[in-house]
Amino acid sequence: MNLIYDSPIRPKVFIDTTILCGALRTDGINRKILQAARFPHFFQPVFSKVCLFEFVRNAAEGLGKGKNRVAYSSDDIEEFFQVFLNPIFEYYEGLPVNSILGRYSVETILREHLSIGDVLIELSGCDCYTAQTIAEKQEMSEPLSKFDQDDFHVWVTAIQENCNFILTSNHRRFPAEIGEIKRIHPARFYEELLNT
């Protein structure tokens, strides 16, 4: 059974900032996933402008820890865009998408005592079916404060864009499922790509 390709439709996959940062740092799985995104028969990638801004800021400030921390120049970042991202954006009209929430949203912070599901339903303005599938997930009854509110823009944008997966290496304080949208680690996603 292939987690990604057992569906008759090609999956929509939200590409989180962590994938871009990983791809900039090393020539590994994250770069291979970005290269596969150029081929529409694999999956349909979704990038948000907020994640791209976040990526540029993080890369300029430095990626990695301690003495392994590397700050990338604007030329390095521009070259990365030219080689890995612009070919994707040129193929898919409408990318990157706008997010209705920024990384630090007052609307989100004011609701931290509510359940994550209720806040996602309210702020995303999703349809009744999506709202019902979100509300049914047990994890969605947890308070929003249990999760990383800095990532809320990712979840809302994934709902708005009808994504099937959120591709991220950040599994700490990040919901496993939001309705029918599943969080997936790049190593697992790449393994599924190889098995298509």
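For the structure itself, consult the block above.
The following refers to the structure shown. Please read these numbers as outputs of a predicted model, since none were measured by experiment.

Bringing the nonpolar core into the picture now. Grouped together as the largest cluster of nonpolar side chains are 58 residues, with contacts concentrated most on Leu34 and Trp155. When residues of this core are assigned to their parent elements, the largest contribution, seven residues, is made by helix α4 (residues 74–91). Each residue touching leucine 34, except ones within four places of it in the same chain, is listed here: Ile15, Leu20, Ala23, Phe47, Phe80, Phe84, Leu85 and Ile88.

Right, let's get into the packing of aromatic side chains. The geometry of an aromatic ring pair is captured by the separation of the ring centres together with the interplanar angle, meaning the angle of the planes. For the structure on display, the rule yields 10 aromatic pairs. Plain terms: the ring middles of phenylalanine 55 and phenylalanine 81 are 6.1 Å apart, the flat faces sit at 45 degrees to each other, and that makes the pair tilted. With phenylalanine 55 in helix α3 (residues 49–61) and phenylalanine 81 in helix α4, the pair connects residues that are 26 residues apart, well separated along the chain. What makes phenylalanine 55 buried here is its relative accessible area of 0%. Classification of phenylalanine 81 as buried rests on a relative accessible area of 15%. A ring pair is formed by phenylalanine 80 and phenylalanine 84, whose centres lie 5.1 Å apart and whose planes are at 35 degrees; its orientation type is tilted.

The next thing to look at is the environment of valine 119. You can see valine 119 is positioned in helix α6 (residues 116–124). By relative accessible area, which is 0% here, valine 119 ends up buried. Separated by 25 residues in the primary sequence, valine 119 and leucine 144 place their C-alpha atoms 7.6 Å from one another.

Another aspect to go through is helix α7 (residues 128–136). Think of an α-helix as 3.6 residues a turn; residues three or four steps apart then line up on the same face. Those residues of α7 not exposed but buried are Thr130, Ala131, Thr133 and Ile134. Across the axial projection of α7, the buried residues extend over an arc of 165 degrees, all falling on one side. For α7, the exposed residues set more than 90 degrees away from the buried face come down to Cys128, Tyr129, Ala135 and Glu136. For α7, the elements touching its buried residues are α6, α8 (152–160) and β4 (177–178).

What counts, and where the lines are drawn
Residues numbered from 1 in each chain as written. Predicted model: local features only at pLDDT ≥ 70, side-chain atom pairs only at ≥ 80, totals over all residues. Heavy atoms only, no water. Core = buried A, V, L, I, M, F, W, Y, C linked by side-chain atoms within 4.5 Å. Buried < 20%, exposed > 50% of the residue type's maximum accessible area, 1.4 Å probe, protein only. Helix = DSSP H or I, 4+ residues; strand = E, 2+ residues; numbered from the N terminus. Contact = heavy atoms within 4.5 Å. Phe/Tyr/Trp six-rings, centres within 6.5 Å; stacked < 30°, edge-to-face > 60°. Arc of directions from axis to C-beta.

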